[in-house]
Amino acid sequence: MNEIAALFRRLSHGVYVIGVADGERRSAFTAAWVTQASFDPLLIVVSVNPQNASYDILRAGRAFTVNVLEHGQTELARRFGTSSSRDHDKLAGVSWHAGGNGAPVLDDAPAYFECEVQDRHPAGDHELVVGGVVGGRLLDPDAAPMLYAETGDMDGSSALFG
Ligand SMILES: Cc1cc2nc3c(=O)[nH]c(=O)nc-3n(C[C@H](O)[C@H](O)[C@H](O)COP(=O)(O)O)c2cc1C
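Residues numbered from 1 in each chain as written. Predicted model: local features only at pLDDT ≥ 70, side-chain atom pairs only at ≥ 80, totals over all residues. Heavy atoms only, no water.

**Q** Mind laying out the packing of aromatic side chains, listing which residues take part and the relevant values?
**A** Under the definition given, this model contains one aromatic pair. Ring geometry for Phe8 against Phe161: centres 5.1 Å apart, planes inclined by 35°, an arrangement best described as tilted. With Phe8 in helix H1 (residues 3-8) and Phe161 in the segment after strand S9 (126-138), this residue pair connects regions lying 153 residues apart in the sequence. Exposure remark for Phe8: the relative accessible area of 39% places this residue in the partly exposed category. Under the relative-accessibility criterion, Phe161 is labelled partly exposed at 30%. (Phe/Tyr/Trp six-rings, centres within 6.5 Å; stacked < 30°, edge-to-face > 60°. Helix = DSSP H or I, 4+ residues; strand = E, 2+ residues; numbered from the N terminus. Buried < 20%, exposed > 50% of the residue type's maximum accessible area, 1.4 Å probe, protein only.)

**Q** How would you sum up the environment of Thr82? Please name residues and give values.
**A** Residue position: Thr82 is located in the loop between helix H3 (74-81) and strand S6 (96-98). In this structure the side chain of Thr82 is engaged in a polar contact, spanning 2.6 Å, whose partner is the backbone oxygen of Arg78. (Polar contact = N/O pair within 3.5 Å; in protein donor to acceptor, adjacent residues only side chain to side chain.)

**Q** An account of the side chain of Ser38 is needed here, citing residue identities and associated values.
**A** With respect to the helices and strands, the residue Ser38 is situated in strand S3 (residues 34-38). The class of Ser38 is buried, set by a relative accessible area of 17%. Within the local environment of Ser38, its side chain forms a polar contact with the backbone nitrogen of Asp40, the two atoms lying 3.3 Å apart.

**Q** Tell me about the sheet that holds strand S5 (residues 63-68), and please be specific about residues and values.
**A** By definition, the strands of a sheet pair up through backbone hydrogen bonds, in either a parallel or an antiparallel sense. What the seven strands build is an open sheet, ordered S2-S1-S5-S8-S9-S4-S3; its pairing is antiparallel. For this open sheet the edge positions go to strand S2 (25-31) and S3, each flanked by a neighbour on one side alone. This sheet shows a mean twist of 35° between the axes of neighbouring strands, independent of strand direction. Pairing of strand S8 (residues 111-123) with S9, which is carried by twelve bridges, proceeds in the antiparallel orientation. (Pairing = 2+ DSSP bridges. Axes fitted to C-alpha atoms, helices over the stretch in contact; angles between N-to-C directions.)

The following block contains the structure:
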């Protein structure tokens, strides 16, 4: 891994599965670039690659969930982060239900947020999607959240720093 890629790995992130819905069209993808952005109102920002199949659903439906992954849930990170819903239904075979905003909530996630899209801002090859938090639950207060470092180069990003 080159030095710039290693440097950027010093930014700490969690790992999340972002569920999206537009009516009955649903999908989900893994994301590490997720952060709280405001207390009042409560806002969460997700940096989304517009090439993700989930992006069109997110734009149209304006609803998403942020499913927190727990330390060790590497297979969920891989399932939702290394293949596209263009090719297969990533939610098939996973236990989930529709949240209050219609977007998928993973039953194995120790915590989740429900958001409604308030704003979108271009950011280079990604887009910052700002979500107002409209719901959420902490189901397992003892679960340690997964850290991005645990996923190694699962996202293939080390090759993207030039
Ligand atoms: C650990 C990890 C972190 C990722 N973080 C992001 C992210 O923050 N934003 C993003 O748009 N894609 C991120 N990805 C890539 C998407 O999850 C991946 O491109 C996915 O296949 C898109 O699925 P879709 O085409 O079904 O929407 C990440 C992948 C992994 C494995």
